[in-house]
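The residues making up each chain are set out below.
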Amino acid sequence: MENMNAYYPKLYSWLAGIPVSEIDKLVIRQFEVGEMLVYKNHLFEYVSIVLDGICNVINQLDNGTEIITLRLSCGNLIGVSESVLGSMRNIASIKACTKLITAELDTKTFWRWLESYPCFARFVLKDLVTRLHYTADFSANCQSSASKINLAKYFMDRYNFEAASASPDSKASVRIQETHEMISNFLGINTRTVERHIHDLKKDGLISTTKGKVSISPSQYQELLHYVTSNL
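Each chain carries its own residue numbering, running from 1 in the direction its sequence is written. With the structure being a predicted model, the display of local features is reserved for residues of pLDDT at least 70 and the display and counting of side-chain atom pairs for 80 or more, all residues being used for whole-chain, interface and lining totals. Calculation of side-chain values draws on the structure's entire complement of heavy atoms; hydrogens and water are dropped beforehand.

With that out of the way, let us pick up the side chain of E22. Positionally, E22 belongs in helix α2 (residues 20-23). Buried, partly exposed and exposed residues are distinguished by accessible area as a fraction of the type maximum, computed with a 1.4 Å probe on protein chains only: under 20%, between the cut-offs, and over 50%, respectively. With a relative accessible area of 12%, E22 lands in the buried category. A polar atom in the side chain of E22 sits 3.3 Å from the side chain of W113. Residue contacts are defined here by distance: any two heavy atoms, one from each residue, within 4.5 Å place the two residues in contact. With sequence-adjacent residues up to four places away left out, E22 is seen in contact with R112, W113 and Y117. Counting from the N terminus, the helices are DSSP H or I runs at least four residues long and the strands are E runs at least two residues long. Two N or O atoms count as a polar contact when they lie within 3.5 Å, although within protein this holds only if one can serve as hydrogen donor and the other as acceptor, and sequence-adjacent residues are included solely when both atoms are side-chain atoms.

Now the structure itself:
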């Protein structure tokens, strides 16, 4: 377990209008890769701020399959929808896809900070608006072209999200976390079509696969970008 106190300065900078004595009461927690932070329909307990790492927001479709509706990273909040709506139960599941560090605050503190500290209200509002526009744009972009191009756009978005959380000089490939079924549900195409397009993109050198998972190197991302822009 690393030193959790090292994350408090980040909170101080984000929430500069809140007394340090208040921020120091937050609970810093660490989650390992694949660990569930929140289970859908379980009792809602607290709001969290992501301090480091990436997690997936997972929802169930009517047919019972799971889809990743959003990915959260540094500065994003978890549990705001439940708190604002007064929900007693979690609306979606949250799963860590990297090592994850969060700061927890109970819902009473969340509302007191919203009402008492304008900086916190702006912090929450900015996060919600940014996520709203991102989700709408991402969904629209991945439905606007032929299915193979839409899949390439999907992979580019996931690459950008992962790369944004990596060190600036990182040359490592990005591994796409979602299963073929999750991708097919999001894009509205069947899994066979997803698998066929993955095979074609790999054959063209635009992506790689390891043990059934897609990975994309920085150079492959540039090739994907050229492929998409050339077919708009």
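It is worth spelling out the sheet that holds strand β10 (residues 208-210) at this point. Pairing between two strands requires that DSSP report at least two bridges joining them. Strand order across the open sheet formed by three strands is β9-β11-β10, with antiparallel pairing between neighbours. Every interior strand has two partners, whereas the edge strands, β9 (174-175) and β10, have only one. Pairing geometry for β9 and strand β11 (residues 213-216), over two bridges, is antiparallel. Directly across from V174, in β11, lies its bridge partner I216.

Further remarks concern the nonpolar core. Residues Y154, F155, L187, I207, I216 and L224 are the most contacted members of the largest nonpolar core, which totals 27 residues. Of all elements in the fold, only α6 (147-164), α7 (180-187), α8 (191-203), β11 and α9 (218-229) reach the threshold of two or more residues within this core. It is α6 that provides the largest number of residues to this core, a total of seven residues. What Y154 contacts, discounting residues up to four positions off in sequence, is F138, C142, E178, I183, F186 and L187. Here, nonpolar core means buried Ala, Val, Leu, Ile, Met, Phe, Trp, Tyr and Cys residues that are tied together by side-chain atoms lying within 4.5 Å of each other.

Attention now goes to the packing of helix α4 (residues 107-116) against helix α5 (residues 118-141). It is at 5 Å that the axes of α4 and α5 come closest, and there the two elements cross at 110 degrees. The pairing of α4 with α5 is recorded here as roughly perpendicular in orientation. The handedness of the crossing between α4 and α5 is left-handed. On the side of α4, the interface is formed by F110, W113, L114 and S116, while α5 contributes P118, F120, A121 and V124. Looking at side-chain class alone, the contact of α4 with α5 contains seven nonpolar, one polar and no charged residues. In this analysis an axis means a line fitted to C-alpha atoms, helices contributing only their contacting stretch, and an angle means the value between N-to-C directions, from 0 to 180 degrees. Any angle between 65 and 115 degrees counts as roughly perpendicular, while under 35 counts as roughly parallel, over 145 as roughly antiparallel, and the rest as oblique. Left-handed is the label given to a crossing in which the near helix is rotated counterclockwise from the far helix by less than a right angle, and right-handed is the label when the rotation is clockwise. When residues are sorted by character, Ala, Val, Leu, Ile, Met, Phe, Trp, Tyr, Cys and Pro go into the nonpolar class, Asp, Glu, Lys and Arg into the charged class, and all the rest, Gly among them, into the polar class.

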